[in-house]
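What follows is the residue order along each chain.
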Amino acid sequence: MDLKLRGKAAVVNGASQGIGFAIARSLAAEGVDVLISARKEDALSKAAEQINAETGQAVRTVVGDIRMLDGCDNIIAAVRERGGVDILINNDGAPPLGNALDFDDLRWTRAFEQNLLSVVRMIRGVAPMMESRGGGSILNITALTAIQPLASFGLSVSTWAGVVGLAKTLSHELGPKGIRINTLCPGLFETPRLELAGGPSAAEYHEAAKMIPLGRKGDVAEIAAVATFFSSPLASYVTGTTLAVDGGMNKSLL
Ligand SMILES: NC(=O)c1ccc[n+]([C@@H]2O[C@H](COP(=O)([O-])OP(=O)(O)OC[C@H]3O[C@@H](n4cnc5c(N)ncnc54)[C@H](OP(=O)(O)O)[C@@H]3O)[C@@H](O)[C@H]2O)c1
């Protein structure tokens, strides 16, 4: 199937590894001119080289910490320099795990800046450029916990639920400008993030994976495929949608 992505331009944040990397690689494989961002320059350059080697597509890089205004501004400036983009993927790491009420105001503010304000800043910067190109697609990567909360995930749940609400609001405000906005909620995917200190252990993840209807963790290529479709003109009538990509983990009807 031709996704009609050849010749489009994208910026993918948090793309030096994991889900963001897989999305950037998948878009590049469809002929998209991809700009990738993350904080660590070395890992970012290696990721760009790998995508180039695997897809034959040149990949640009820009360093930026999306928790900070100047980090977002760096990325937006690079997008402007390349002449704008048709596709924006909002993705990065996540705030720490722990009981919601144990975090002080500073931690809550950082979580807000990382998960929600970064998305506002990126869209505020990129949407006018999309509009001048005739429209575009914005995709937010959150987590299944944004729509099915769990203990210990309070910082993420609260801020990503805000992203889901923001996306729905913006689908109304940006739709008339030809800009679609959707949100993906990953369940459990095999990425370097699963090895983070302080999170569940490998054995706990193994047990959790057994509870997934499809019986396993996801491969990042599987969420990248969904993200690539959502970003493509073939999804031209899909906006304001929130989709779990979770092997059936979500237990609610919606
Ligand atoms: N893996 C899963 O099972 C799963 C499940 C549900 C939700 N998610 C969510 O999906 C997103 C991606 O997950 P992942 O597993 O791919 O994570 P990952 O392997 O840790 O990759 C995160 C990427 O984001 C970049 N990043 C992190 N913090 C950043 C910041 N402040 N500014 C700019 N870039 C930043 C990282 O590079 P640098 O460190 O160099 O910046 C890296 O490229 C996360 O928000 C995660 O919570 C993942």
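Note that the coordinates shown come from a computational prediction; the quantities given were computed from them, not determined experimentally.

Cut-offs applied
- Residues numbered from 1 in each chain as written.
- Predicted model: local features only at pLDDT ≥ 70, side-chain atom pairs only at ≥ 80, totals over all residues.
- Heavy atoms only, no water.
- Helix = DSSP H or I, 4+ residues; strand = E, 2+ residues; numbered from the N terminus.
- Rg over C-alpha atoms; globule rule 2.2 N^0.38 Å.
- Buried < 20%, exposed > 50% of the residue type's maximum accessible area, 1.4 Å probe, protein only.
- Contact = heavy atoms within 4.5 Å.
- Areas by Shrake-Rupley, 256 points an atom, 1.4 Å probe, with all protein chains shown as cover.
- Lys, Arg positive; Asp, Glu negative; His and termini not counted.
- Charge placed at Lys NZ, Arg CZ, Asp CG, Glu CD.
- Near = heavy atom within 4 Å.
- Polar contact = N/O pair within 3.5 Å; in protein donor to acceptor, adjacent residues only side chain to side chain.
- Expected span 1.5 Å × (residues − 1).
- Phe/Tyr/Trp six-rings, centres within 6.5 Å; stacked < 30°, edge-to-face > 60°.
- Axes fitted to C-alpha atoms, helices over the stretch in contact; angles between N-to-C directions.
- Left-handed = near helix turned anticlockwise from the far one by under 90°.
- Nonpolar A, V, L, I, M, F, W, Y, C, P; charged D, E, K, R; others polar.
- Parallel < 35°, antiparallel > 145°, perpendicular 65-115°, else oblique.
- Patch = residues over 30% accessible without salt bridge, like charges linked within 9 Å, V, L, I, M, F, W, Y side chains within 5 Å.
- Salt bridge = Lys/Arg side-chain N within 4 Å of Asp/Glu carboxyl O.

Visitor: Just checking my understanding: could you explain the overall build of the protein chain for this structure?
Guide: For the protein chain, the helix and strand inventory stands at seven helices and seven strands. Shown N-terminal to C-terminal, the secondary structure of the protein chain runs as helices and strands in the order β-α-β-α-β-α-β-α-β-α-β-α-α-β. A compact globule built from 254 residues should have a C-alpha radius of gyration of about 18 Å, and the protein chain, at 17 Å, falls within 12% of that. Each of the three principal axes of the protein chain carries a C-alpha extent, and together these read 45 × 40 × 35 Å. Among the 254 residues that make up the protein chain, the fraction classed as buried is 48%. Considering only intrachain contacts with a sequence separation of at least 6, the fraction spanning at least 24 residues in the protein chain is 75%. A total accessible area of about 12,300 Å² is found for the protein chain, and carbon and sulfur atoms account for 55% of it. One way to put it: in the protein chain the 24 positive side-chain charges average out to a point 4 Å from where the 26 negative ones average out.

Visitor: Just to check I follow, could you spell out the site of the ligand for this structure?
Guide: Surrounding the ligand, one finds 29 residues, the nearest of these being Ser16, Lys40, Gly93, Phe189 and Thr191. Separating a nitrogen atom of the ligand from a side-chain N or O atom of Asp65 is a distance of 2.9 Å. Burial of the ligand by the surrounding chains reaches 94%, relative to a free accessible area of 880 Å².

Visitor: So what exactly am I meant to see when it comes to unusual backbone geometry here?
Guide: Glycine aside, a negative phi is what most residues show, and trans is what most peptide bonds show. With a phi angle near 60°, Lys4 is a residue other than glycine that sits in the positive phi range. Here Lys4 shows up in the segment before strand E1 (9-13).

Visitor: What is the right way to read helix H2 (residues 41-55) from this model?
Guide: Each α-helix turn comprises 3.6 residues. Residues three or four places apart therefore point the same way. End to end, H2 covers 21 Å across 15 residues, agreeing with the expected 21 Å (1.5 Å per residue, within 8%). Buried positions along H2 lie against helix H1 (18-29), strand E2 (33-38) and strand E3 (59-63). With its phi angle positive at about 80°, Gly56 sits one or two positions after the end of H2.

Visitor: It is not clear to me how the packing of aromatic side chains should be interpreted in this structure. Could you clarify?
Guide: Aromatic ring pairs are described here by two measures, namely the spacing of the ring centres and the angle between the planes. As enumerated under the stated definition, the model contains one aromatic pair in all. Arranged with centres 6.1 Å apart and planes meeting at 90°, the rings of Phe229 and Phe230 form a pair that is edge-to-face. Judged by relative accessible area, which is 7%, Phe230 ranks as buried.

Visitor: So what exactly am I meant to see when it comes to the packing of H1 against H2 here?
Guide: How two helices sit against one another is set out by the angle between their axes and by the gap between those axes. Orientation of H1 relative to H2, taken along the N-to-C sense of each, is 35°, at an axis distance of 10 Å. Considering how the two elements wind past one another, H1 and H2 form a crossing that is right-handed. Residues Phe21, Ala24, Arg25, Ala28 and Ala29 of H1 lie in contact with H2, whose contacting residues are Ala47, Gln50, Ile51, Glu54 and Thr55. Looking at side-chain class alone, the contact of H1 with H2 contains six nonpolar, two polar and two charged residues.

Visitor: Help me out: how do you make sense of the packing of H1 against helix H7 (residues 220-231) in this one?
Guide: Between H1 and H7, the least distance of the axes is 8 Å, while the angle of their chain directions is 55°. Judged by the angle between their axes, H1 and H7 are oblique. Note on packing geometry: the crossing formed by H1 with H7 is right-handed. Here Gly18, Ile19, Ala22, Ile23, Ser26 and Leu27 of H1 lie close against H7, whose contacting residues are Val220, Ala221, Ile223, Ala224, Ala227, Thr228 and Ser231. Taken together, the residues of the contact of H1 with H7 break down into nine nonpolar, four polar and no charged.

Visitor: Got a minute to help me understand a nonpolar patch on the surface in this structure?
Guide: A contiguous nonpolar surface patch, about 330 Å² in accessible area, is contributed by Met1, Phe229 and Leu234. Looking at the secondary structure, you find Phe229 in helix H7. With relative accessibility at 32%, the residue Phe229 sits in the partly exposed group.

Visitor: Where do I start with the environment of Ala78 in this structure?
Guide: Turning to its location among the elements, Ala78 is positioned in helix H3 (residues 69-81). Using a relative accessible area of 17% as the deciding quantity, one classes Ala78 as buried. Once you skip the residues sitting within four places of it in the chain, Ala78 turns out to touch Leu35 and Val62.

Visitor: It is not clear to me how the pattern of salt bridges should be interpreted in this structure. Could you clarify?
Guide: Oppositely charged side chains can form a pair if their charged atoms are brought close together. A full pass over the atoms with the stated rule returns nine salt bridges. Two residues, Asp33 and Arg60, come together in a salt bridge whose shortest N-O distance is 3.1 Å. Of this pair, Asp33 sits in strand E2 while Arg60 sits in strand E3; the two residues are 27 residues apart in sequence, bridging distant segments of the chain. Owing to a relative accessible area of 41%, Arg60 belongs among the partly exposed residues under this scheme. For Lys177, the salt bridge goes to Glu131, with nearest N and O atoms at 3.9 Å. Of this pair, Lys177 sits in the loop between helix H5 (154-174) and strand E6 (179-186) while Glu131 sits in helix H4 (residues 105-132), placing them 46 residues apart in sequence. Glu131 gets classed as partly exposed once you look at its relative accessible area, which sits at 39%.

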